[in-house]
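Listed below are the residues making up each chain.
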Amino acid sequence: MSEKVAVIVRKEVLENLRSLRYWGLIVLFVLLFVAISAAISAAMGSAFQGREVPAPERGRPATRGVAELRLVVQFVGSLSAAMSFVAPLLGIALGFSAIVAEREKGTIRLVLARPVYRDQVLNGKILAATILIAIAVFVSTALSLPISATLYGVTLTADDLSRLMLSLIPSILLALAYYALSLFISVLSDRSGRALLYCILAWIFLTFVLPIAASMIAYSVLGPPPAIALNRTSATGVEIGVTVTVVEELPPQLQDYYRKLGEITSSVLMISPNDRYFTLVNALFTRRSPQTTSYVDLGSIIATRWVDLAVLAAYVAVFTLLSYIFFVQRQEVR
Amino acid sequence: MEYAIETENLTKIYRDRAGKVVALDSANLRVPKGVLFGLFGPNGAGKTTLISILVGLQLPTRGTARVLGFDCVKQSLEIRKRVGLLPENYGFYEHMTAYENLEFLGRLDGIPWGELRRRIDEVLELVGLKEWANAKVKTFSRGMNQRLALAQALLKDPEVLILDEPTLGLDPQGSAMFRELMTRLVKEGRTILISTHLLHEVGFICSHAAFIRKGRIVAQGNLEELAKQYREARGYSYEVVVQERPEDLLRELRQLEGVVEVGLENNTIRVRASRDIMRELLGVTGRYQVRSLRERAPTWDELYQFYHGGGWGE
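Here the structure is a predicted model, which means the values were calculated and not measured.

Basis of the calculations
- Residues numbered from 1 in each chain as written.
- Chains lettered and ligands numbered in written order.
- Predicted model: local features only at pLDDT ≥ 70, side-chain atom pairs only at ≥ 80, totals over all residues.
- Heavy atoms only, no water.
- Helix = DSSP H or I, 4+ residues; strand = E, 2+ residues; numbered from the N terminus.
- Buried < 20%, exposed > 50% of the residue type's maximum accessible area, 1.4 Å probe, protein only.
- Contact = heavy atoms within 4.5 Å.
- Areas by Shrake-Rupley, 256 points an atom, 1.4 Å probe, with all protein chains shown as cover.
- Salt bridge = Lys/Arg side-chain N within 4 Å of Asp/Glu carboxyl O.
- Pairing = 2+ DSSP bridges.

A.B. asks: Break down the overall build of chain A for me, citing the residues and quoting the values.
C.D. replies: The secondary structure content of chain A amounts to eleven helices and zero strands. Per-residue burial for chain A yields a buried fraction of 46% across its 334 residues. Within chain A, contacts between residues at least 6 apart in sequence are counted, and of these 86% link residues at least 24 apart. For chain A, the accessible surface area stands at approximately 16100 Å², while carbon and sulfur atoms represent 67% of it.

Laid out in structure tokens, this is it:
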């Protein structure tokens, strides 16, 4: 890292660490995670509340029941739900004003009048954002984990904690994906307010509109489900916390229809960073088999879910590259 | 003559929804080394665009520009190492103190830590902001911001200073400080280019100037050269201070060849002529009781009106 980049990183990090906006987002995450945990915990009521979980004996590997593991999966689900909401906002908060605000305030003129390349300015900002996102994700998770775990009545093992730590990587990638997108919008915009509006619209599209659009596309491709009478008594119930739902009692035509529907929806959602994030976090907490309580090893996860990582990384790479191209080429300082 | 800044047919055309805007139109500017040079023109004349190109903030559409011998397109980094810029419409990081802002910008200038602290103290002292070093910039007035902007331009001890509207927002005391500082810096051998439309603030400390109109440099040179052009177009002005009402003298002056106008105000006779009549004036006034006779040089304001208000290059 060049000295000029380090100077920019230092200034950006210190400036944000002093800002209310940055710490406000961390507080928002903690509150959101705790609120979701409290809500789910209350909804589950007697099913899990106050359940005694035997602590593993010293010197013996921890053994846990399937019910307890479901609780952990549920806990991770609320964590990822909170994170999927806050991480994009964190990325947007750091990215939307990165360039346009400097242009509006005129600080960019003082910076670019110095012996510094434009790409060094962007490098500094991106590196600083990565550090700030990593700090925010780590601090907010560390602050909210004990509170939420207590609310859930869940005891996290070392394996759970190591998986939770690993889940911070997709969280950081998700925030960085939105940061890169916002940075690109910031480079193109001439007003901070407009940049923020476009960033929020992009977030609404990717978070809320795209899943609906994916289902609509799937339905429009396949048409309505075949009209086959169901034997209602044989329908399988879906239990909270079980990731695989068995639909063996459905007639084969309907099974085939819903399988295709799921495939098309998933294909469209491949471009959703939020969906890729959920898939990765779910994969980290997937059991080897329904009968075991141990998680799938990391090698297998990377082998099967590398596409999810690649999509998140592609968001970061593509929008960062576009930001470089437009910022370096654009002769905007009048 | 050696030039610190030299442009040749420098052209900048912006394209927007409304079409083409020619901000600079084949501008040829020559700023000699070691002088205080004024770039005078109204708002929108192309001054800021020209300055932006000189320090590499923008690329020219056509033409070339060199600062200290370095090409503005290919070697702009070398230029920015040696040039201190006070741009128009600049801004500071408002949540940082004056010292922190200067520290950040000084580090980007590549000034080593040890030297930087000393330089920050020096420039803050120079612009009269030393006691405000640890105050956040958001608490600063317009004038204090302008002083800080001048401080950041001086930070790297530059060979060339380019200042875009440097006296905007300065109070009379600040303006006086600024003029005194500029005069001192030029004596130390620096080249200073001041772009402004406020001639009364800085015009009289400039030894050289260029007038820019609609993106073109319409005239440039030292005060004598510019005054000569003015006289050739507008005529020569003289002032004769007398002791008593000189009816005969007035009559004689009116009869001189080339005299266009003779006026009397208190004890001063103003003579305007279409040619240089100093020799004849000496002959005529020698026969009367005259306190003084001098040719009146045009003021910067008159030159500005001349080059921008019509009468030149139209």
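A.B. asks: I'd like to hear about unusual backbone geometry, residue by residue, with values.
C.D. replies: The phi torsion of most residues other than glycine is negative, and most of the peptide bonds are trans. Residues and elements named next belong to chain B. Positioned with a positive phi, asparagine 9 is a non-glycine residue whose angle comes to about 50 degrees. As for its position among the elements, asparagine 9 is in strand β1 (residues 3-16). Given a relative accessible area of 38%, asparagine 9 falls into the partly exposed group. Unusually for a residue other than glycine, asparagine 89 sits at a positive phi of about 55 degrees. Locating asparagine 89 in the fold gives a position in the loop between β7 (83-86) and α3 (98-108).

A.B. asks: A description of the pattern of salt bridges should follow, citing residues and the corresponding values.
C.D. replies: Residues and elements named next belong to chain B. One pass over the full model with this rule turns up 43 salt bridges over all chains. Of the charged contacts in the structure, one is a salt bridge between aspartate 248 and arginine 251, with a shortest N-O distance of 3.1 Å. Placement of both aspartate 248 and arginine 251 in helix α9 (residues 247-255) is noted, with a separation of three residues, approximately one turn of the helix. The partner of glutamate 280 in a salt bridge is arginine 275, and the shortest N-O contact between them spans 2.7 Å. By relative accessible area, glutamate 280 is classed as partly exposed at 28%. Taking the relative accessible area as the measure of exposure, arginine 275 reaches 28% and is therefore partly exposed.

A.B. asks: Could you give me a rundown of the pairing of β1(B), with the residues and numbers involved?
C.D. replies: All names here are of chain B. Both β1 and strand β3 (residues 30-32) contribute to a ladder of three bridges, which runs antiparallel. Of the residues in β3, the one forming a bridge with tyrosine 3 is proline 32. Relative to strand β5 (residues 62-67), β1 runs antiparallel, the two sharing five bridges. Its bridge partner lying in β5, isoleucine 5 is registered against valine 67. In the sheet, β1 pairs with strand β2 (residues 19-27) via six bridges, with the strands oriented antiparallel. Within β2, the residue paired with isoleucine 13 across the bridge is valine 22.

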